[in-house]
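Structural overview
Next come the chains, spelled out residue by residue.
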Number of protein chains: 2
Amino acid sequence: MYINVLAEIPDRLDEESFQDLLRSGPVRIERIVSHGHTSPPSFWYDQDDAEWVLLLKGAAVLEFEDAPEPFRLAPGDHVNIPAHRRHRVAWTTPDEPTVWLAVFYGGDPGGEPPSA
Amino acid sequence: MYINVLAEIPDRLDEESFQDLLRSGPVRIERIVSHGHTSPPSFWYDQDDAEWVLLLKGAAVLEFEDAPEPFRLAPGDHVNIPAHRRHRVAWTTPDEPTVWLAVFYGGDPGGEPPSA
């Protein structure tokens, strides 16, 4: 189902909302809508794919296990998260929906590249 | 150089502005800022890579050589353009900058997939 990334935002959400916008080969593009949601305490995402994420609306704070300082995101801010860099969502604003665009792309292919 | 995709928008542009936000393996993510710019008449983009494009701000019209109707984009609208699907930018609004996010990803690899 086609969704407009910015116009079709649920007003209230009990849980975070995830919608695939594209799946093609090694690439998946997803919209995520949070509304005050955070990762559970002590939970870390540890992903096989790399993820480039852009905050489109709202406000959020990411934490990385290997970084001393949290990373605050305003609309238009983006961050590239290599595969297996452990991270969590420490905060999203309760004042409005926070909309993320996430591009997941092949991390470590785990093998030899095809020969020419 | 890090740029905020939405905050750091030039006010006036003589030419379209292109900035790479990510380059990694088969994926390139680019911000494009147009301001009334269009593709030259009879010019068609014919790209080796597939492109997923999201309009973040402004307004635009895309044309596809194989489609009878132009495709109007408002903020939040997105379209996936397979490799070599010929297209052009028929219009962008002169009233404000138009900001695009383009994700280019491996089109036809031109060969057999690697065996398992």
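Provided above is the structure to which this section pertains.
Residues numbered from 1 in each chain as written. Chains lettered and ligands numbered in written order. Predicted model: local features only at pLDDT ≥ 70, side-chain atom pairs only at ≥ 80, totals over all residues. Heavy atoms only, no water.

1. What to know about the relation of the copies chain A and chain B
You can overlay chain A on chain B at an RMSD of 0.0 Å; the transform is a turn of 180° with a shift of 0.0 Å along its axis. Considering both components of the superposition, the chain copies are consistent with a two-fold axis. Here 100% of the interface residues in chain A have copies in chain B that are interface residues too; the copies meet face to matching face. (Least-squares fit on C-alpha atoms with pLDDT ≥ 70 in both. Contact = heavy atoms within 4.5 Å.)

2. A short note on the interface of chain A and chain B
With 24 residues of chain A in contact, the opposing surface of chain B contributes 24 residues. Together, the buried faces of chain A and chain B total about 2000 Å²; carbon and sulfur atoms form 71% of this surface. When the buried surface of chain A facing chain B is broken down by residue, Tyr2, Trp52 and His78 of chain A rank first, second and third, together holding 24% of it. One can count zero salt bridges joining chain A with chain B. The interface formed by chain A and chain B contains twelve residue pairs in polar contact (both at pLDDT 80 or more). Elements with a minimum of two residues in the side of chain A that touches chain B: β1 (17-24), β2 (27-34), β3 (50-57), β6 (78-81) and β8 (98-105) of chain A. Class assignment of the residues belonging to the side of chain A that touches chain B gives a composition of 18 nonpolar, five polar and one charged. (Buried area = accessible area lost by both parts, 1.4 Å probe. Salt bridge = Lys/Arg side-chain N within 4 Å of Asp/Glu carboxyl O. Polar contact = N/O pair within 3.5 Å; in protein donor to acceptor, adjacent residues only side chain to side chain. Helix = DSSP H or I, 4+ residues; strand = E, 2+ residues; numbered from the N terminus. Nonpolar A, V, L, I, M, F, W, Y, C, P; charged D, E, K, R; others polar.)

3. Some remarks on the layout of surface pockets
Residue and element names in this part refer to chain A. Taken as a whole, the second largest pocket spans an internal volume of roughly 240 Å³. Ile32, Tyr45, Gln47, Glu51 and Phe104 are, among the 16 residues lining the second largest pocket, the residues nearest its centre. Looking at the lining of the second largest pocket, the elements with two or more residues in it are β2, β3, β7 (87-92) and β8. The leading source of residues in the lining of the second largest pocket is β2, at three residues. A per-class count over the lining of the second largest pocket returns nine nonpolar, two polar and five charged. (1 Å grid on protein atoms, 1.4 Å probe; cavity = no way out; pocket = protein on both sides within 12 Å on 5 of 7 lines; lining within 4 Å. Points joined across faces, edges and corners; volume = space filled by probe spheres on them.)

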